[in-house]
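# A closer look at the structure
Spelled out from the first residue to the last, the chains are:
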Amino acid sequence: MREKTLAIIKPDAVKKRVIGKIIQRIEDEGFEIIKMKLLHLTKEEAKAFYVVHKDKHFYDSLTEFMSSGEIVVMILERENAIAHWREVMGATDPALAKPGTIRREFGFSVERNAVHGSDSRATADWEIGFFTEKMGLD
Ligand code: UDP
Ligand code: MG
């Protein structure tokens, strides 16, 4: 069944000027880009987006990083989009991600790992709602 997922190109990848390469990969993988926007989150907005991780040791550093520069937010649609995008991204830690994945190719560290992707249908709905309603991704 076709479904939607939320993808983000994180500030490290935008600064490395690999937006184009990542979007090419997204298209090559058969995703349709339904919405796309270049945004610069405030720290408060990054904290709201990652609220699920609020008790983790990396929450402050992660939200500082995610608000440190421009990001590209996209809604992607495809058959099995959520799981497929997770597979194309690779493991959270680029050093552990499989060769050929985006995080292996472009990630720098477990925090600065180039891309984000929703991890379930419920998360995708919530994350798409967050950017649609709060961030004007319309
Ligand atoms: N992260 C981090 N340190 C960790 C684990 C995660 O800085 O030990 C960051 C990393 O940028 C990751 C994000 O927090 O992408 C969200 O973590 P999650 O466990 O949800 O990983 P993901 O779903 O992005 O693979
Ligand atoms: Mg996650």
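Above this text you will find the structure in question.
Definitions and limits used
- Residues numbered from 1 in each chain as written.
- Chains lettered and ligands numbered in written order.
- Predicted model: local features only at pLDDT ≥ 70, side-chain atom pairs only at ≥ 80, totals over all residues.
- Heavy atoms only, no water.
- Helix = DSSP H or I, 4+ residues; strand = E, 2+ residues; numbered from the N terminus.
- Buried < 20%, exposed > 50% of the residue type's maximum accessible area, 1.4 Å probe, protein only.
- Lys, Arg positive; Asp, Glu negative; His and termini not counted.
- Salt bridge = Lys/Arg side-chain N within 4 Å of Asp/Glu carboxyl O.
- Polar contact = N/O pair within 3.5 Å; in protein donor to acceptor, adjacent residues only side chain to side chain.
- Contact = heavy atoms within 4.5 Å.
- Near = heavy atom within 4 Å.
- Areas by Shrake-Rupley, 256 points an atom, 1.4 Å probe, with all protein chains shown as cover.
- 1 Å grid on protein atoms, 1.4 Å probe; cavity = no way out; pocket = protein on both sides within 12 Å on 5 of 7 lines; lining within 4 Å.
- Sits in = over half its atoms within 2 Å of the grid points.
- Nonpolar A, V, L, I, M, F, W, Y, C, P; charged D, E, K, R; others polar.

Turning our attention to the side chain of Lys 10. When you line up the elements, Lys 10 lands in the loop between β1 (2-9) and α1 (11-15). There is no salt bridge for the buried Lys 10, and the closest opposite charge comes from Asp 12, which lies 6.8 Å off by N-O distance. A distance of 2.8 Å separates polar atoms of two side chains, one belonging to Lys 10 and the other to Asn 113. Residues contacting Lys 10, with those up to four places away along its chain left out, are Tyr 50, Phe 65, Met 66, Glu 70, Ile 71, Arg 103, Glu 111, Asn 113, Ala 114, Val 115 and His 116.

What follows is about the pattern of salt bridges. Applying the stated rule across the entire model yields nine salt bridges. Between Lys 4 and Glu 77 there is a salt bridge, and its shortest N-O distance comes to 3.0 Å. A residue pair is termed long-range when its members are at least 10 positions apart, and Lys 4 in strand β1 and Glu 77 in strand β3 (residues 71-79) qualify at 73 residues. Residues joined by salt bridges that share partners form a network here, namely Arg 2, Lys 4, Glu 32 and Glu 77.

To continue, consider the site of ligand 1. Around ligand 1 sit Lys 10, His 53, Phe 58, Leu 62, Arg 86, Thr 92, Arg 103, Val 110, Glu 111 and Asn 113, and those are all the residues in its vicinity. Contacts to ligand 1 include His 53, whose side-chain N or O atom sits 3.0 Å from an oxygen atom. Alone, ligand 1 offers 500 Å² of accessible surface; in the complex the protein occludes 82% of this. Structurally, ligand 1 is housed in the largest pocket. Looking at the shell around ligand 1, its residues break down into three nonpolar, three polar and four charged.

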